[in-house]
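Descriptive structure summary
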Amino acid sequence: MPILLDLPFYNQIISVAAAVFCSKFCSHPLDVSKISRQAFAQAESYSAATSSNYTMRSLTKQAFTELDPKYLFRGFSAAFIMTYLVRYVNFLTYDLYMKFSYPGMDGSGDDIPLSSKFVASLLAGFAAFWVYNPCDVLRVRMITDRKGDYNSLKQGIAKTLETDGILELYKGSTLNFGVMMLATATDLTLYQHAKEYLTK
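This structure is a prediction, so every number in the text was calculated from the model and none was measured.

1. Description of the packing of aromatic side chains
- Considering all chains together, one arrives at 14 aromatic pairs under this definition.
- Centre to centre, the rings of F21 and F25 are 5.9 Å apart; their planes meet at 25 degrees, and the pair counts as stacked. Within this pair, F21 and its partner F25 are both found in helix 1 (residues 9-43), separated by 4 residues, close to a single helical turn.
- On the accessibility criterion, F21 (40% relative accessible area) is partly exposed.

Written out as structure tokens, the structure reads:
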């Protein structure tokens, strides 16, 4: 059962973008609070971080009292692009693997073994990693930036390439690679298997 390939291309773009925007709009402020507190705790101390202005309550208060959403939506562009690319690459890789591995399937996916779905999900995670890690690095830097070096995604990319080089975009890649592979392999496999079972 395809995730994307049964839709026209423009519907694929719109459906994934709409879902990702709604998801990140709701969850990004929490991500900002979490990353800010982690970074503050690493630079100072845990007690300082828990009593700082980086709690969710303080960030929300600042956003309303100062009428400036940047406190809650720092790095939103990088987070949106990261999540969008990851979702689209995940779904497209999965569908393409199934299309070429089982060219005669009728779209139901009933005859596809669970092991093939797992392999397809692993490949999807592997493909998504290459777009995930650079966006994740930029997202964290935009959220924790206090000097104005990462005010926008374009500025963040330029600053990173200028000071650290392109390989810096894959900092932390070992952990992110493991996270992406495991998360996609389990989520996508179980999602597809459950969907096909429930639609019999």
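Once the structure has been displayed, the description carries forward.
2. Considerations on the pattern of salt bridges
- What the rule picks out here adds up to 5 salt bridges.
- In this structure, R141 and D164 form a salt bridge, with 3.2 Å as the shortest nitrogen-oxygen distance. Of this pair, R141 sits in helix 6 (residues 114-144) while D164 sits in the loop between helix 7 (153-163) and helix 8 (173-198), and the two are 23 residues apart along the sequence.
- Given the relative accessible area of 40%, D164 is considered partly exposed.
- With its nearest N and O atoms 2.5 Å apart, the salt bridge here joins E168 to R141. A residue pair is termed long-range when its members are at least 10 positions apart, and E168 in the loop between helix 7 and helix 8 and R141 in helix 6 qualify at 27 residues.

3. What about the confidence of the model for the protein chain?
- Of the residues in the protein chain, 82% have a pLDDT of 70 or more, and the chain-wide mean is 81.
- The weakest mean pLDDT in the protein chain belongs to helix 2 (residues 46-50) at 54; the strongest belongs to helix 5 (residues 76-101) at 91.

4. Observations concerning a nonpolar patch on the surface
- Among the surface-exposed residues, I157, L161, I166 and L167 lie close enough to one another that they form a single nonpolar patch of about 410 Å² accessible area.
- Along the chain, L161 falls in helix 7.

5. A word on the packing of helix 6 against helix 7
- Relative to each other, helix 6 and helix 7 sit at 105 degrees, their axes nearing to 10 Å. Judged by the inter-axis angle, helix 6 sits roughly perpendicular to helix 7. Contacts between helix 6 and helix 7 involve L138, R141 and M142 from the former and L153, G156, I157 and T160 from the latter.

Analysis parameters
Residues numbered from 1 in each chain as written. Predicted model: local features only at pLDDT ≥ 70, side-chain atom pairs only at ≥ 80, totals over all residues. Heavy atoms only, no water. Phe/Tyr/Trp six-rings, centres within 6.5 Å; stacked < 30°, edge-to-face > 60°. Helix = DSSP H or I, 4+ residues; strand = E, 2+ residues; numbered from the N terminus. Buried < 20%, exposed > 50% of the residue type's maximum accessible area, 1.4 Å probe, protein only. Salt bridge = Lys/Arg side-chain N within 4 Å of Asp/Glu carboxyl O. pLDDT = per-residue confidence, 0-100. Patch = residues over 30% accessible without salt bridge, like charges linked within 9 Å, V, L, I, M, F, W, Y side chains within 5 Å. Areas by Shrake-Rupley, 256 points an atom, 1.4 Å probe, with all protein chains shown as cover. Axes fitted to C-alpha atoms, helices over the stretch in contact; angles between N-to-C directions. Parallel < 35°, antiparallel > 145°, perpendicular 65-115°, else oblique. Contact = heavy atoms within 4.5 Å.

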